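This is what each chain is made of:
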Amino acid sequence: MNDASKTAATTSMKGGGYYSQSTRGAKDTIDNAKGMLLEAVAALPDGGSGPVRIADFGAADGGTSKQAVHNTIQAVRARWPGRQVQITYTDLASNDWSQVFKMVQGLDGSDHTYWAPGTGVFVQGIGIGFHHQLLPDATLDLGFSATAMHYVSERPCLIHGHVHHVGAVGEELSAFDRQAALDWERILLARAAELRPGGRLVIISFGKDEQGRYLGNTGGVNMFDTFDLHWRALCDEGVISAEEYDAATFAQVYRTPEQFTAPLKDETSAVHKAGLRLVSARTGLTKCPYREAFLASDDISPPVFARSYVPTLRSWSETVFANALSTDRAPEERAEIVDAFYQRYEDMVADNPDGHAMDYIHSYLAIEKV
């Protein structure tokens, strides 16, 4: 598989704080899991005087999880007042790391800043994907990840006829399913190596629920089909080539609850033998905050809703479409095509907002290292 297929080479969140500012739903999802993190802290084994080590895997700019990290540190301090705390943020090398450290220090103007000199809280970043072991053996107390582990480490193939796994068929669908199963095992084995005995994982991942719903497909207009509609139109009109159309293949798979929990329940699996055990699992829907605000207010017109809604889609999807365009094109031309693509989506929503919403569907997993 060549380097162009690697997720690290094709995917990143939009930088400059844009991701946190435009993804209120992601923060709402993390806030909804506050209890899981506090329960994890309460379940950690007593003993030792060293630092309590916490990691946020796939943190993007750190803004959506900032309040959750703040609350988790408070819970640690309430239980062990004298112990130091180490926070590790992990994401791809292409991540906007400067924004992470601005956010941690409150230099971006955000609240719930938890770091200050002399407080015994230490922060570090790791610019390597979470499909690999990132921390030394048995050094992690609490691992956390939200809205990140639906990414596969590489695209096993390009999807012809759609932009996402949810629209794939035949061998292309099977190839992505195989890649997802392999990567999920790799992720869990890496975390098993990192965790101390008694350590916990809290993973909140995009997936499919028991009704077959997934991100942007909860009964209204299907978001990924709409992406494909507008990207295909650009191809049909000759704005982009057929190769560029195909290259916009998301490196994502939305696993079912059964796929998430299988290696944790199977006593013969490598994951089970590595000591990971499922504590709890559930699915949950988080309503699109932009859609909810639109429905609740007579003062928000369809165009205003469209202008607030489409940036949240763009914050995490833009690099997929931008990187699909040939590097033979001038940067300005590529930017114009991507802008036109999202403008078409915005115009569609503004013209008829019915059914447009990016409701979140997540699997919530609590896992223990025995």
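Structure report, in brief. The residue numbers shown here count from 1 along each chain, following its written sequence. Thresholds applied to this predicted model are a pLDDT of at least 70 for local features of residues and 80 or more for the giving and counting of side-chain atom pairs; totals over whole chains, interfaces and linings are not thresholded and use all residues. Hydrogen atoms and water are omitted, and side-chain values are computed over all heavy atoms in the structure.

### Concerning the overall build of the protein
The cut-off we apply is this: Per the convention used, a helix needs a DSSP run of H or I reaching at least four residues, while a strand needs a run of E reaching at least two, with both numbered from the N terminus. Radius of gyration here is computed from C-alpha atoms only, and the compact-globule reference equals 2.2 Å multiplied by the residue count raised to the power 0.38. Only protein chains enter the accessibility calculation, which uses a 1.4 Å probe; a residue is then buried when its area is under 20% of its type maximum, exposed when over 50%, and partly exposed in between. The contact rule is simple, with two residues in contact once any of their heavy atoms fall within 4.5 Å. Here the open area of atoms and residues is found with the Shrake-Rupley method and a 1.4 Å probe, where only the protein chains shown may cover a residue.
The number of helices and strands found in the protein is 14 helices and seven strands. For 370 residues, the compact-globule estimate of 2.2 N^0.38 gives 21 Å, and the protein sits close to it at 21 Å. In terms of overall dimensions, the protein has a C-alpha envelope of 65 × 50 × 40 Å along the principal axes. Residues counted as buried form 53% of the 370 residues belonging to the protein. Long-range contacts, defined here as pairs at least 24 residues apart, represent 82% of the contacts in the protein between residues at least 6 apart. Here the protein displays about 15,000 Å² of accessible surface, and carbon together with sulfur accounts for 51% of that area.

### Digging into the sheet that holds strand 7 (residues 360-369)
As a reminder, the rule being used: When DSSP locates at least two bridges between a pair of strands, those strands are taken to pair. Geometry is summarised by axes, namely lines fitted to C-alpha atoms with helices restricted to the contacting stretch, and by angles between N-to-C directions that run from 0 to 180 degrees.
With mixed pairing, the seven strands of this open sheet are ordered in space as 3-2-1-4-5-7-6. A single partner strand is all that each edge strand has here, and the edge strands are strand 3 (121-126) and strand 6 (276-286). Between one strand axis and the next, the sheet turns by 15 degrees as a mean value, whatever way the strands run. Judged from the six bridges that link them, strand 4 (residues 140-146) and strand 5 (residues 195-206) form a sheet pairing that is parallel. Paired with alanine 146 across the strands is isoleucine 204, a residue of strand 5. Contacts from helix 4 (residues 34-43) reach strand 4, strand 5, strand 6 and strand 7, with the element oriented near 175 degrees to strand 5. The strands that helix 10 (residues 257-265) touches are strand 5, strand 6 and strand 7; relative to strand 6, the one it contacts most, it runs at about 170 degrees.

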